[in-house]
Amino acid sequence: MEIWLKGSKKLRIPVLPSSYQVSSAQMDETVTVTGLGEILLKGKRGLLQVSFSSFFPSFYDPGYCEYSGLKSPMQYVDMIESMKRSGTVKLVMTGTSASMRCRIQSFEWGEDDGTGDVSYTLAMKEYRNVHAGVSSVVTLDSVQGSPGAGETVSATASRASDERTGPTTYTVRKGDTLSAIARKLTGSASWAALYEQNKGIIGSNPNMIQVGMVLAVPG
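These figures come from a predicted structure and were not determined experimentally.

Asker: Would you mind going over the overall build of the chain with me for this structure?
Answerer: The helix and strand tally for the chain stands at 4 helices and 13 strands. Looking at the chain residue by residue over its 219 residues, the buried ones come to 31%. In the chain, 54% of the contacts between residues at least 6 apart in sequence involve partners at least 24 apart. Carbon and sulfur atoms form 49% of the exposed surface of the chain, whose accessible area is close to 13,600 Å².

Below, the structure is given as structure tokens:
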């Protein structure tokens, strides 16, 4: 295996770590639904995280060094510190599925045995580019103070504005549940506020929504 960090410069780890750790989470959400109990809503994949510990040797030893022509330990330290400050780097771990574009989250280093070797621990987290898309066109017919009947506005997903106006009603479709509707409208499966707003329409059982019901969206 080879381990590389590639940014404006390339750094190959001179001594492979004895072990490394890769972790990721699944962003599932547990909600409680009346009449059903706890259910698990499938979420997106979390970010990969990779960490390992090793050392930068003060001299070349073919017994554990991956290559000759080593830099000094402090040169390696300076390169990683520069990569940490500059932005994202490409982590390459050949023979594994852990290669990724990432940011260096932490870099701890120091000398502890008087040999001149520098021990270190490196932790990295996956970086994903965010591409802003165009949101659905919002009709302002029913919004108080709208520019006029039939007028519309469009907004990009990346433009955060307190003045942006969202839909004020939602028409129930086949297969909808309150938690699914709440997730569509707010990004969260918490449906309690939506139910309280429309209790007079839905009735005493929040699971008994029907196709065609027009629900008011909480402000």
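Asker: Explain the packing of aromatic side chains here, please?
Answerer: Each aromatic ring pair is summarised here by two numbers: the centre-to-centre distance and the angle between the ring planes. As enumerated under the stated definition, the model contains 6 aromatic pairs in all. With centroids separated by 6.4 Å and ring planes inclined at 75 degrees, the aromatic side chains of Phe-52 and Tyr-120 adopt a geometry described as edge-to-face. Of the two residues, Phe-52 sits in strand E6 (residues 49-56) while Tyr-120 sits in strand E9 (residues 118-126), which places them 68 residues apart along the sequence. Classification of Phe-52 as buried rests on a relative accessible area of 1%. By relative accessible area, which is 3% here, Tyr-120 ends up buried. Aromatic side chains Phe-56 and Tyr-76 sit 4.9 Å apart centroid to centroid with 15 degrees between the ring planes, which places their arrangement in the stacked category. Placement of Phe-56 in strand E6 and of Tyr-76 in helix H1 (residues 73-86) is noted, with a sequence separation of 20 residues between them. Here the two residues Phe-56 and Tyr-76 agree in accessibility, since each one is buried. Clustering of aromatic rings is evident, with ring pairs tying together Phe-52, Phe-56, Tyr-76, Phe-107 and Tyr-120. Between the NZ or CZ atom of Lys-6 and the centre of the ring of Trp-4, over which it lies, the distance is 5.6 Å.

Asker: What's the story with the environment of Ala-25 in this structure? I'm lost.
Answerer: Looking at where Ala-25 falls in the secondary structure, it is placed in the loop between strand E3 (20-23) and strand E4 (29-33). Spatially, the C-alpha atom of Ala-25 lies 7.0 Å from that of Leu-47, the residues being 22 residues apart in sequence. Excluding residues within four positions of it along the chain, Ala-25 makes contact with Lys-44, Arg-45 and Gly-46.

Asker: I would appreciate a short explanation of the side chain of Ser-179 in the present structure.
Answerer: Within the secondary structure, Ser-179 sits in helix H2 (residues 178-186). You can call Ser-179 buried: its relative accessible area is 7%. Among the polar contacts made by the side chain of Ser-179, one reaches the side chain of Thr-177 at a distance of 3.2 Å. Look past the residues within four positions of Ser-179 in its chain and what remains in contact with it is Ser-188, Ala-189 and Trp-191.

Asker: I tried to follow the sheet that holds E3 on my own but got confused; where do I start?
Answerer: To summarise the sheet geometry, strands pair through backbone hydrogen bonds and adopt either a parallel or an antiparallel arrangement. The sheet built from 7 strands is open, its strands ordered E2-E1-E7-E8-E9-E6-E3 with antiparallel pairing. Either end of the sheet is taken by a strand with one partner, and the two such strands are strand E2 (10-12) and E3. Averaged over all neighbouring strand pairs, the angle between strand axes comes to 30 degrees, with direction disregarded. Here strand E8 (residues 100-110) pairs with E9 via 8 bridges, running antiparallel. Bridged to Arg-103 within E9 is Lys-125. Along the sheet, H1 contacts strand E1 (3-6), E2, E6, strand E7 (89-93), E8 and E9; its crossing angle with E8, the most-contacted strand, is approximately 135 degrees.

Asker: What is the right way to read the confidence of the model for the chain from this model?
Answerer: Regions with low pLDDT should not have their predicted coordinates read in detail. In the predicted model, the chain carries a mean pLDDT of 81, and 83% of its residues have values of at least 70. This stretch, residues 146-164, has a pLDDT under 50; its non-local contacts, to residues over four places away or in other chains, come to 26 contacts.

Asker: It is not clear to me how the nonpolar core should be interpreted in this structure. Could you clarify?
Answerer: Looking at soluble globular proteins, one finds that nonpolar side chains tend to be buried together. Among the nonpolar cores identified, the biggest contains 26 residues, and Leu-91, Leu-122 and Met-124 are the most heavily contacted of them. Mapped by element, the contributors of at least two residues to this core are E1, E6, H1, E7, E8 and E9. If sequence neighbours within four positions are ignored, Met-124 has contacts with Leu-5, Leu-48, Gln-49, Val-50, Phe-52, Leu-91, Met-100, Cys-102, Arg-103, Ile-104 and Gln-105. In terms of nonpolar packing, the next biggest core, distinct from the first, is built from 13 residues, Leu-194, Tyr-195, Ile-202 and Met-213 among them.

Rules used in this analysis
- Residues numbered from 1 in each chain as written.
- Predicted model: local features only at pLDDT ≥ 70, side-chain atom pairs only at ≥ 80, totals over all residues.
- Heavy atoms only, no water.
- Helix = DSSP H or I, 4+ residues; strand = E, 2+ residues; numbered from the N terminus.
- Buried < 20%, exposed > 50% of the residue type's maximum accessible area, 1.4 Å probe, protein only.
- Contact = heavy atoms within 4.5 Å.
- Areas by Shrake-Rupley, 256 points an atom, 1.4 Å probe, with all protein chains shown as cover.
- Phe/Tyr/Trp six-rings, centres within 6.5 Å; stacked < 30°, edge-to-face > 60°.
- Lys NZ or Arg CZ within 6 Å of the ring centre and 35° of its normal.
- Polar contact = N/O pair within 3.5 Å; in protein donor to acceptor, adjacent residues only side chain to side chain.
- Pairing = 2+ DSSP bridges.
- Axes fitted to C-alpha atoms, helices over the stretch in contact; angles between N-to-C directions.
- pLDDT = per-residue confidence, 0-100.
- Core = buried A, V, L, I, M, F, W, Y, C linked by side-chain atoms within 4.5 Å.

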